[in-house]
Protein chains: 2
Amino acid sequence: MTTTNGPGRPRDPDVDRRISQAALDVFGELGWAGFAMETVAKRAGIGKASLYLRWSGKEALLTDAIRAGLPKISDVDTGTLHGDLVELATQVLALYVGPGSRAALRLHLEAASIAGVAEHYAAMRTAQISAARHIIRRGIDRAELPAGTSVTLLLDTLVGGAMMHALTTPPGRRDTLAAGAAEHARALVDFLLHAVAAPA
Amino acid sequence: MTTTNGPGRPRDPDVDRRISQAALDVFGELGWAGFAMETVAKRAGIGKASLYLRWSGKEALLTDAIRAGLPKISDVDTGTLHGDLVELATQVLALYVGPGSRAALRLHLEAASIAGVAEHYAAMRTAQISAARHIIRRGIDRAELPAGTSVTLLLDTLVGGAMMHALTTPPGRRDTLAAGAAEHARALVDFLLHAVAAPA
């Protein structure tokens, strides 16, 4: 994993995680207009100076936080297409039902207009889509899917279906969904694999 | 169609549409923090006074603009399930590939915390989901779908798949998608109807 910041990066993964989560929370709530090193430091419970020791500015901080918060699609490799798709759907459900949901939605709105973040975010999105497409193509190569499977339709409905399910779950039922994310992901994947397995 | 404003509502549907679009544009770009009657009036090219003649305040204005901009799911009734789903998917694609996309995403983020808008938006969402579920149930009643069809999975993947496709289409290709929305919608619906038609 590459990072945009230098040798001063924190070594403690707990602190790292707390800072990333604080950065995504602040961005999700206030957007770029309200995103400041001081606000993130306060939210994470660390000093502003030590944040500056680790990140040169808020662009680098937000870029690293986004990278840490995105689903790790390129790491998904369970050995079967079914297992890979369940893991992918579980990650998307967890993202949109969890505390990172607001930040993820806001990135769709604002990322392209934030200098110093836009290009990194676009590159991460491209890499994510490419990793997801690779999962499907691997399934076709292994003959787990018919050769004519539409990679685009399968991914749109898998990722979009997981996102939509999380976004339309009422606040009072989100904890239940978060706890049962893998189970819902399996139902979603089974549903979609019928689509590609059916005779045209 | 019910409205939240009184007898002063504009009669000219062109002006109506321009005001609604201006309101959604301003909200999409600036959020509630930057949403002001004066800004919307300027954007729509009408006087601020005539906006106040028609709407008592910005809550009512935004509520009406949201209602006008949402897909008209309750009006969808083509006579066949296939036709209804294509129309639904076309409306969702058009929304998220068009100028209302930013407003739609921002509503997910902000609507619940805007007093005077939150309850109307929640009621509209509930009505939308209920109208969409009714389309699927009508298809089951007509035996166009197996009785055991998961209404939730079919709607999540249809609406989410259309939304995701629009959101991941690069800016340079959005006009092409907008022009071919009905064609993509048909491919999406055909893909998903295989899912429910396949033997379990």
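What counts as what
- Residues numbered from 1 in each chain as written.
- Chains lettered and ligands numbered in written order.
- Predicted model: local features only at pLDDT ≥ 70, side-chain atom pairs only at ≥ 80, totals over all residues.
- Heavy atoms only, no water.
- Helix = DSSP H or I, 4+ residues; strand = E, 2+ residues; numbered from the N terminus.
- Expected span 1.5 Å × (residues − 1).
- Buried < 20%, exposed > 50% of the residue type's maximum accessible area, 1.4 Å probe, protein only.
- Contact = heavy atoms within 4.5 Å.
- UniProt positions renumbered as here; feature names shortened; annotations may be inferred.
- Buried area = accessible area lost by both parts, 1.4 Å probe.
- Salt bridge = Lys/Arg side-chain N within 4 Å of Asp/Glu carboxyl O.
- Polar contact = N/O pair within 3.5 Å; in protein donor to acceptor, adjacent residues only side chain to side chain.
- Nonpolar A, V, L, I, M, F, W, Y, C, P; charged D, E, K, R; others polar.
- Least-squares fit on C-alpha atoms with pLDDT ≥ 70 in both.
- Axes fitted to C-alpha atoms, helices over the stretch in contact; angles between N-to-C directions.
- Parallel < 35°, antiparallel > 145°, perpendicular 65-115°, else oblique.
- Left-handed = near helix turned anticlockwise from the far one by under 90°.

Q: In this structure, what is going on with helix H1 (residues 13-30) of chain B? I would like to understand it.
A: For an α-helix, the turn length of 3.6 residues means that residues three or four places apart are oriented alike. The terminal C-alpha atoms of H1(B), which comprises 18 residues, lie 25 Å apart, in line with the 26 Å expected from a rise of 1.5 Å per residue. Along H1(B), the residues classified as buried are B:Val15, B:Asp16, B:Ile19, B:Ser20, B:Ala22, B:Ala23, B:Leu24, B:Val26, B:Phe27 and B:Gly28. For H1(B), the secondary structure elements touched by its buried residues are helix H6 (101-110) of chain A together with helix H2 (37-44), helix H3 (48-54), helix H4 (58-69) and helix H6 (101-110) of chain B. B:Gly31 occupies a position one or two residues after H1(B) and carries a positive phi of about 75°.

Q: In this structure, what is going on with the UniProt feature "domain: HTH tetR-type" (unreviewed entry) in chain A? I would like to understand it.
A: Under the UniProt annotation, "domain: HTH tetR-type" (unreviewed entry) lies at residues 13-73 of chain A. As annotated, residues 13-73 of chain A has a helix share of 74% and a strand share of 0%, and its two end C-alpha atoms lie 20 Å apart.

Q: Can you help me understand the interface of chain A and chain B in this one?
A: Across the contact, 32 residues belong to chain A and 32 residues belong to chain B. For the pair chain A and chain B, the summed buried surface comes to about 2900 Å²; carbon and sulfur atoms form 75% of the total. Applying the counting criterion to the chain A and chain B interface returns zero salt bridges. Where chain A meets chain B, there are four residue pairs in polar contact (both at pLDDT 80 or more). With twelve residues, the single largest contributor to the side of chain A that touches chain B is helix H8 (residues 151-167) of chain A. Grouping the constituent residues of the side of chain A that touches chain B by class yields 18 nonpolar, ten polar and four charged.

Q: Where do I start with the relation of the copies chain A and chain B in this structure?
A: One copy of the chain maps onto the second through a rotation around an axis plus a translation along that axis. Taken as rigid bodies, chain A and chain B are interconverted by a rotation of 180° and an axial shift of 0.0 Å, the fit giving an RMSD of 0.0 Å. Here the two chains are linked by the operation of a two-fold rotation axis. Using C-alpha coordinates, one finds that chain A approaches the rotation axis most closely at A:Ala195, a distance of 1.7 Å. Interface overlap between copies: 100% of the residues of chain A at the interface are likewise at the interface in chain B, consistent with a symmetric, same-surface contact.

Q: How should I be thinking about the pattern of salt bridges in this particular structure?
A: Two side chains of opposite charge can pair, provided their charged atoms sit close to one another. Counted under the stated rule, the structure contains 18 salt bridges over all chains. Of the charged contacts, one joins B:Asp14 and B:Arg17 as a salt bridge, the two residues approaching to 3.0 Å between their closest N and O atoms. Linking B:Asp14 with B:Arg17, this pair stays in helix H1, spanning three residues, or about one helical turn. For B:Arg17, a relative accessible area of 55% puts it in the exposed group. Note that B:Arg142 is salt-bridged to B:Asp77, the shortest N-O span being 4.0 Å. Of this pair, B:Arg142 sits in the loop between helix H7 (118-141) and helix H8 (151-167) while B:Asp77 sits in the loop between H4 and helix H5 (81-97), placing them 65 residues apart in sequence. One continuous salt-bridge network, built from bridges that share partners, spans A:Asp77, A:Asp84, A:Arg138, A:Arg142 and A:Glu144.

Q: Can you walk me through the packing of H8(A) against H8(B) in this structure?
A: Any two packed helices are characterised by the angle at which their axes cross and by the distance between the axes. Viewed as axis vectors pointing N to C, H8(A) and H8(B) meet at an angle of 110°, and their least axial separation amounts to 6 Å. Of the possible angle classes, the one that applies to H8(A) and H8(B) is roughly perpendicular. Between H8(A) and H8(B) the crossing geometry is right-handed. Contacts from A:Thr152, A:Asp156, A:Thr157, A:Val159, A:Gly160, A:Gly161, A:Met163, A:Met164, A:His165 and A:Leu167 in H8(A) reach B:Thr152, B:Asp156, B:Thr157, B:Val159, B:Gly160, B:Gly161, B:Met163, B:Met164, B:His165 and B:Leu167 in H8(B). Looking at the contact of H8(A) with H8(B), its residues break down into eight nonpolar, ten polar and two charged.

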